[in-house]
Amino acid sequence: MKWLKRTRTITQTVYRYGLTDLFAGHIRQKWLQALIQKIPQSSQTKNDPLPVRLRLALESLGPIFVKFGQVLSTRPDLIPAPYATELAKLQDRVPPFDATLARNQIESSLGQSIETLYAEFETEPIASASIAQVHKARLHSGEQVAVKVLRPNILPVIEQDLALLRFAAGWVERLFADGKRLKPREVVAEFNQYLHDELDLMREAANASQLGRNFKNSDMLIVPNVYYDYCSRDVLTIEWMEGTPVSDIAALKAKNIDLSTLARYGVEIFFTQVFRHGFFHADMHPGNILVADDGRYIALDFGIVGSLTDYDRRYLAINFLAFFNRDYHRVAMAHIESGWVPPETRAEELEAAVRTVCEPIFNKPLSQISFGLVLMRLFETSRRFNVEIQPQLVLLQKTLLNIEGLGRQLDPDLDLWATAKPFLTQWMGEQIGPKAFWNNLKNEAPDWAQILPALPRKINMLVDENRQQEMRDAYIHLVKIQQRQSLWLAVIAIALLLIVLFK
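The structure presented is a predicted model; accordingly, all values stated were derived computationally and were not measured.

Peer 1: I keep staring at the overall build of the protein chain and nothing clicks. Help me out?
Peer 2: In terms of regular secondary structure, the protein chain is built from 22 helices and 11 strands. Here the protein chain, with 503 residues, has 45% of them falling under the buried criterion. Of all intrachain contacts in the protein chain linking residues separated by at least 6 positions in sequence, the fraction that spans at least 24 positions is 69%. Surface summary for the protein chain: the accessible area is close to 27,300 Å², and the carbon and sulfur share equals 57%.

Peer 1: Which parts of the structure should I look at to understand the UniProt feature "active site" (unreviewed entry) in the protein chain?
Peer 2: Those places that UniProt annotates as "active site" (unreviewed entry) correspond, in this numbering, to Asp283. For Asp283, the contacting residues outside a window of four places in its chain are Asn288, Asp301, Ile304, Lys398 and Asn402.

Peer 1: Just checking my understanding: could you explain unusual backbone geometry for this structure?
Peer 2: One can expect most non-glycine residues to show negative phi and most peptide bonds to be in trans. Positioned with a positive phi, Asn153 is a non-glycine residue whose angle comes to about 55°. Its location among the elements puts Asn153 in the loop between β4 (144–150) and α9 (154–175). The exposure class assigned to Asn153 is exposed, which follows from its relative accessible area of 66%. Although it is not a glycine, Asp301 adopts a positive phi angle of roughly 60°. Along the chain, Asp301 turns up in the loop between β10 (297–299) and β11 (305–307).

Peer 1: Any chance you could explain the packing of helix α4 (residues 50–61) against helix α5 (residues 63–73) here in plain terms?
Peer 2: Between two packed helices, both the angle of their axes relative to each other and the distance between the axes serve to describe the pair. Taken N-terminus to C-terminus, the directions of α4 and α5 make an angle of 145°; their axes are 5 Å apart at the nearest point. On the side of α4, the interface is formed by Leu58, Glu59 and Leu61, while α5 contributes Phe65, Val66 and Gly69. Of the residues that constitute the contact of α4 with α5, the class distribution is four nonpolar, one polar and one charged.

Peer 1: Is there a simple way to think about the packing of aromatic side chains in this case?
Peer 2: Scanning the model with the defined rule gives four aromatic pairs in all. Consider the rings of Phe270 and Phe271, whose centres lie 5.1 Å apart with planes at 80°: the pair is edge-to-face. Here Phe270 and Phe271 have matching classes, each one buried.

Peer 1: When you look at the nonpolar core in this model, what are you seeing that I'm missing?
Peer 2: Buried together is how nonpolar side chains tend to be arranged in soluble globular proteins. Ranked by internal contacts, the top residues of the largest apolar core, which has 90 residues, are Phe191, Phe271, Phe275, Tyr297 and Leu410. Counting residues per element, this core draws most heavily on helix α14 (residues 259–277), at 10 residues. Residues Ile114, Leu139, Val149 and Val235 belong to the second largest nonpolar core, which totals 15 residues.

Peer 1: Explain the pattern of salt bridges here, please?
Peer 2: Pairing between side chains of opposite charge can happen when the charged atoms of each approach one another. With the rule as written, the count across this model stands at 13 salt bridges. Among the ionic pairs, Arg346 bridges to Glu349, the shortest N-O distance being 3.5 Å. On the basis of relative accessibility, which here comes to 41%, the residue Glu349 falls in the partly exposed class. Here Arg355 and Glu351 are joined by a salt bridge, their closest N and O atoms 2.7 Å apart. Of the two residues, Arg355 and Glu351 are both situated in helix α17 (residues 347–358); the distance of four residues between them amounts to about one turn of the helix.

Peer 1: Honestly, the sheet that holds strand β7 (residues 244–245) in this entry has me stumped. Any pointers?
Peer 2: The mixed open sheet is built from four strands, whose spatial order is β5-β10-β9-β7. The open sheet has two edge strands, β5 (221–222) and β7, and neither has a second partner. Where strand β9 (residues 289–291) and β10 come together, three bridges link them in antiparallel fashion. In the strand pairing of β10, Leu290 is matched with Ile298.

Peer 1: Honestly, the packing of α14 against helix α15 (residues 310–324) in this entry has me stumped. Any pointers?
Peer 2: For the pair α14 and α15, the least separation of the axes is 9 Å and the interaxial angle reads 130°. The angle between α14 and α15 falls in the class oblique. Within the contact between the two elements, α14 uses Phe271, Val274, Phe275, Arg276 and His277 and α15 uses Arg313, Leu316, Ala317 and Phe320.

Peer 1: Is there a simple way to think about α15 in this case?
Peer 2: Look at α15: 21 Å from first C-alpha to last across 15 residues, which is about the 21 Å you get at 1.5 Å a residue. Among the 15 residues that make up α15, 11 are buried, leaving the element largely enclosed by the rest of the structure. Of all the positions in α15, only Asp312, Arg313, Tyr315, Leu316, Ala317, Asn319, Phe320, Leu321, Ala322, Phe323 and Phe324 are classed as buried. In the segment just after α15, Arg326 is the residue with positive phi, at about 60°.

Calculation rules
Each chain carries its own residue numbering, running from 1 in the direction its sequence is written. The model is predicted, so local features are restricted to residues of pLDDT at least 70 and side-chain atom pairs to those at 80 or more, both for listing and for counting; the totals for chains, interfaces and linings are taken over all residues. Where side-chain values are given, they derive from all heavy atoms of the structure, hydrogens and water being excluded. Only DSSP runs of H or I with at least four residues qualify as helices, and only runs of E with at least two residues qualify as strands; both kinds are numbered from the N terminus onward. Only protein chains enter the area calculation, which uses a 1.4 Å probe; residues under 20% of their type maximum are buried, those over 50% are exposed, and those in between are partly exposed. Contact between two residues is taken to exist if any of their heavy atoms lie within 4.5 Å; hydrogens are not considered. Per-residue accessibility takes into account occlusion by the displayed protein chains alone, with areas from the Shrake-Rupley method and a 1.4 Å probe. UniProt positions are given in the numbering used here, feature names are shortened, and annotations may be inferred rather than shown by experiment. Lines are fitted to the C-alpha atoms to define the axes, a helix being fitted only along its stretch in contact, and any angle between axes, read from their N-to-C directions, falls within 0 to 180 degrees. Residues are grouped as follows: Ala, Val, Leu, Ile, Met, Phe, Trp, Tyr, Cys and Pro are nonpolar; Asp, Glu, Lys and Arg are charged; all remaining types, including Gly, are polar. What counts as a ring pair is set by centres within 6.5 Å for rings of Phe, Tyr and Trp (its six-membered ring), and what kind of pair is set by the plane angle: stacked under 30 degrees, edge-to-face over 60, tilted for all other angles. Definition of nonpolar core: a set of buried residues of the types Ala, Val, Leu, Ile, Met, Phe, Trp, Tyr and Cys, connected through side-chain atoms within 4.5 Å. For this analysis, a salt bridge means a side-chain nitrogen from Lys or Arg found within 4 Å of a carboxyl oxygen belonging to Asp or Glu. Two strands qualify as a pair provided that DSSP identifies no fewer than 2 bridges between them. Each angle receives one of four descriptions, namely roughly parallel if under 35 degrees, roughly antiparallel if over 145, roughly perpendicular if within 65 to 115, and oblique otherwise. In this analysis, the expected span of each helix is defined as 1.5 Å times one less than the number of residues it contains.

Put into structure tokens, the structure is as follows:
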């Protein structure tokens, strides 16, 4: 019954906000298009643009749909730029749950009373979102901590809405003319993993620890310590951090924080995480960032992180440097060589399209360009060439958009390219050349020490006639087993058919 009630609510919301206009023109079946167009229009929001109506509808459907809209906003390769821009405005507006429930959740999860766990525990939460809320507390050893608690019984709510999203995604793929390219089921699957990752606070604790090790003693970034004795899947206890919200420019200026240096730090932190560590904080919006009095960033909320392979990093560095050097042919060839575009794609056509988008952005301060807009235009171009955006880079794109917004807020004259290019040039120098070869040789030496002595024996085994005969006999035996299994399956199928026919 709950499922039916939720379905009715969604249907009413689609009608109320006039969202039939969103997909009526994209449906394959003409008769269904005609039927939808005959549905009377709601007058509530008919004067608002469609992207705005979609955002309002998602907000009215609650936190899970809000989060889904936030994920879609990071996929301008799948949705038009105006929708991505509007959905990026979605914010969690969720009232806190009762403090008694929070206490019960903590005590049940950690197996001790609140008084045993914490010397002080503030019942009024300091922050509340769709998945969890945060309370301030103090340990008996004296440390001030932040205690993050999952909302009780949140999983059934999430599973119900995810089931509806999966159901809708299947129909989008069947009915929409562009349904298969949009990959709706893959997007929902990605969202499903993203949500369930957030539901395990031990994962967030591990993410914070990893980021903390990567930036230990950094002069740019502070990461709070994790108190694992007070953590579980439902509860996270980390060091309490004092700082100024990065969005409070007036307060930062009053504390004599150098905003241009802070903006440069943001870019350097991003590229350090991506290219040196291959592990990056992927939720770097202003609400998750404070600034310490000494001018360093303080990172918060580690539920969403991204990771990149060595291949991903090298590929990205080649593309970034090609952009910086205006070598658009190299960009086009990198896309073709990596398999991102069909092999028959003409490099000259892709090169011309990339040049049209990127050429205007160089030699301008950040205040005059929008890297986010450039990315969106690139994605629009990529759709024309059937470029498949790799899933592992989606979070990277989102993070880069956040960095742009943060940089513009702190220092409108920040030149993102000038800040990033020396870093990338140095990184590529470390990856290619004699120094990189020597470092790789040292790293691989233990493996070679094991492989080389055994190599003659392994080669001898490969060419040994007895060994080859054993492998041939094993293969023939396997084929005979498969043939017998196929025969029995056929006999069973015929028997079942006869039973059905003569029943």
